[in-house]
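Commentary on secondary and tertiary structure
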Amino acid sequence: MASPAPTADESAVTNPLLQAEAFPLFDVVDATHVRPAINEILRDTNQQIDELEASAKPTWEALVEPLERLGDRLERAWGTVNHLKAVKDNKELREAVEEVQPEVVAVSLRLSQSKPVYEAFQSLKEGSAWSQLTEAQQRIVDKNLREFTLGGVALEGADRERFNEIKKELSKLSTKFSNNVLDATKAFKKLITDKALVDGLPQSALGLAAQQAKAQGHDEATAESGPWLITLDFPSYFPVMSHAKNRSLREEVYRASLTKASSGELDNTPIINKILSLKQETAKLLGFQNYGQVSMASKMASLEKADALLEELRSASFKPAQEELEEVRQFAKGKGFTEELRQWDVTFWAERLREAKYDITDEELRPFFALPSVLEGLFKLTENLFGVQVTAADGKVPVWHKDVRYFCIKQDGKPRAYCYFDPYSRPAEKRGGAWMDEVVGRSKLMALPGEDVRLPVAHMVCNQTPPVGEQPSLMTFREVETLFHEFGHALQHMLTTQSEGMVAGIRGIEWDAVELPSQFMENWAYNRAVLYSFAKHFETGEPLPEQIYQKLLAARTFRSGSMTLRQVHFASVDIELHARYQTGGSESVFDVDRRIAQKTAVMPPLPEDRFLCSFSHIFAGGYSCGYYSYKWAEVLSADAFSAFEEAGVDDLSAVQKVGQRFRDTVLAFGGGRFPGEVFKDFRGREPSTEPLLRHSSLVTAAA
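In this text, all values refer to a predicted model and were calculated from it rather than measured experimentally.

1. Structural notes on the packing of aromatic side chains
Across all of its chains, the model carries 44 aromatic pairs by this definition. Where Phe-379 meets Phe-407, the ring centres are 5.0 Å apart and the plane angle is 70°; that geometry is what we call edge-to-face. Highlighted residues: Phe-379 in helix 16 (residues 371-386) and Phe-407 in strand 4 (residues 405-411), separated in sequence by 28 residues. Taking 4.9 Å as the distance between ring centres and 20° as the angle between the ring planes, the aromatic pair formed by Phe-570 and Phe-611 counts as stacked. Remark: Phe-611 occurs in the loop between helix 22 (589-600) and helix 23 (616-619) and Phe-570 occurs in helix 21 (residues 560-580); sequence separation between them is 41 residues. Residue Phe-570 is classed as buried on the basis of its relative accessible area, which comes to 11%. Exposure remark for Phe-611: the relative accessible area of 25% places this residue in the partly exposed category. Here a set of aromatic residues connected by ring pairs shows up, and it is made of Phe-386, Phe-520, Trp-524, Phe-641, Phe-644, Phe-662 and Phe-682. When the ring centre of Phe-348 is taken as reference, the NZ or CZ atom of Arg-352 above it lies at 4.7 Å.

Printed below as a string of structure tokens:
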């Protein structure tokens, strides 16, 4: 006889996704928990929406607070599931997510199209209570009204049905795109037994390649004798492109990366076309001319302003990029390279040029950037700038992998926030890149009994070089910058003083402003006092030699024209595809990429270039018609850092004074104030592009 189905109370006891713990039970959640937990939460959420619709009144307590409560439980559970899928992916978890995802989307659509709730929000804005709301509360109301509009609340009948079908389909396509990229990355494995093929690779890359070979069953693998396994995961791919003397190996790995997820069962081409077509259809249903206008409705910029910024940066960087490429070409020629310089040669010869100009290599720097020391320096900087302490709290909460760290952020001795940190690359289960996201946000409404406010919790994920043997993780300087970048995001989430949960921390901030604190923090990695607080040889404790530091500073703007132009290209293609391109015509998305490249690339792309098939930012992330945000926010962050330059970056008391102002504006207000106003609160004026161009050594070109 079949056992009776567990009751809701019994499920809560046995299913970790349903337990009301302060911190997610990351160590025990698995695929079997996803369907029953999410389905139960969705049932409860639908019931709560029924109750809200029946009793919706245009007051803060009767409308907005119930809305925050009903969203919080689903966001926490679904956020845990999606986080685990990103860092601990497996077939069973994928299948569980794919099964329940349409229902999660359906609940979101139901709420965004609820006319009783929408009308209550309209009445709240138009009624006498509006003037009694705080600025943050008014922003929440306006944000919800915008989301109702973009969510299709005005649609009826067949149009609403079609809109909802599209939203569910887009959710599936985004997940499929991401899965294909991960699977295609995992699929490429090149086992090398001939030592001549890995000539030029630094010891750290050989050690990693041997470690990867061991993980695939080659127990005899060593850094010195091989075999070596090369993958498309960045810590493996980039050293090959930068250092491998064997040109054929570079070409093979480059072409594999460039055509990743563009053929066979993992081909993302039809998915891209479908995503663009459906987004365009969505825009038309909502009354917009194109999806770009939909995207820009929730950003600081307009299409016109984004285009203008990209053109300003393109004009400033194009000639320098041409000169930089010619310099690489002539350098290679001078070293006896007689072939035509191709795409798989540029990074290799640019690295040789950088070494020759500045006499500095990533491998020379790695021993001075051991992860434990870098973290110590980063946390000391955080204390100096913002008056908070970051302390280790490992073992206090469940984690999803043994390498995950856990920290408590304190101010005046009291906990203010918490943060998980997952540092290392795990290509078999963890998606590439680096990101920060919230576990929970700060909220007075969701405070635990006896507490005034729920404290924010972040997780920060990187994919840096893992420890090899007994050595700690020895980082490239770019990995150091990435760590500072992601911690900048985390700080905005954790140091918010905004207690309205819907706009606390990173919530509710216009998308093109969210990179401000992250890019701002990168600047500090070059500051002498900050760098020397952690740049110590991991074995001897000797500080980074002064001449190497000077070379690092000099090399900062090496090929900055090329790097700027590359970002301008990605952003321009993104806008073109989402705002102006029409699917189904004679021009393919790859034709668009090549057409844009005529103005944004100094070396024409290969005919078989399929980078778009792994451009997860715009097809599986939140950056569709938003990739320009990196440069938009970089204008803000460079200008923000220039306030510290003006005060004197070596004057600790001045830095602390400006840092406190940054903390109490940019990091404090969350989405409760328009970011343009927040910037003026901090800087005292509108932002300027001059600091960014100056930091990039592009001022002369712009002039």
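2. Examining the pairing of strand 6 (residues 435-440)
Most of strand 6 is tucked away, with five of its six residues classed as buried. Strand direction decides the pairing type here: strand 6 and strand 7 (residues 457-464), joined by five bridges, are antiparallel. In the strand pairing of strand 7, Trp-435 is matched with Val-461.

3. Details of the nonpolar core
Ranked by size, the top nonpolar core spans 134 residues in total, and within it Phe-369, Phe-386, Phe-484, Trp-524, Phe-619 and Phe-662 carry the most contacts. Top element by residues in this core is helix 13 (residues 303-334). It accounts for ten residues. Contacts of Phe-662, omitting those with residues within four sequence positions, involve Phe-386, Leu-516, Pro-517, Phe-520, Ala-640, Phe-644, Leu-667 and Phe-682. In this structure, Leu-17, Leu-84, Phe-121 and Val-404 belong to the second largest nonpolar core, which totals 59 residues.

4. Regarding the UniProt feature "domain: Peptidase M3A/M3B catalytic" (unreviewed entry) in the protein chain
According to UniProt, the "domain: Peptidase M3A/M3B catalytic" (unreviewed entry) feature falls on residues 240-696. Regarding residues 240-696, the helix share stands at 51% and the strand share at 8%, and the terminal C-alpha atoms are separated by 27 Å.

5. Digging into the UniProt feature "domain: Oligopeptidase A N-terminal" (unreviewed entry) in the protein chain
According to UniProt, the positions carrying the feature "domain: Oligopeptidase A N-terminal" (unreviewed entry) are residues 38-160. Each end of residues 38-160 is marked by a C-alpha atom, and these two atoms are 25 Å apart; helix forms 81% of the span and strand 0%.

6. Quick look at the environment of Leu-258
Checked against the element boundaries, Leu-258 lands in helix 10 (residues 247-258). For the pair Leu-258 and Ile-166, spaced 92 residues apart in the sequence, the C-alpha separation amounts to 30 Å. Setting aside chain neighbours within four positions, we find Leu-258 in contact with Leu-606, Asp-609, Arg-610 and Phe-611.

Definitions and limits used
Residues numbered from 1 in each chain as written. Predicted model: local features only at pLDDT ≥ 70, side-chain atom pairs only at ≥ 80, totals over all residues. Heavy atoms only, no water. Phe/Tyr/Trp six-rings, centres within 6.5 Å; stacked < 30°, edge-to-face > 60°. Helix = DSSP H or I, 4+ residues; strand = E, 2+ residues; numbered from the N terminus. Buried < 20%, exposed > 50% of the residue type's maximum accessible area, 1.4 Å probe, protein only. Lys NZ or Arg CZ within 6 Å of the ring centre and 35° of its normal. Pairing = 2+ DSSP bridges. Core = buried A, V, L, I, M, F, W, Y, C linked by side-chain atoms within 4.5 Å. Contact = heavy atoms within 4.5 Å. UniProt positions renumbered as here; feature names shortened; annotations may be inferred.

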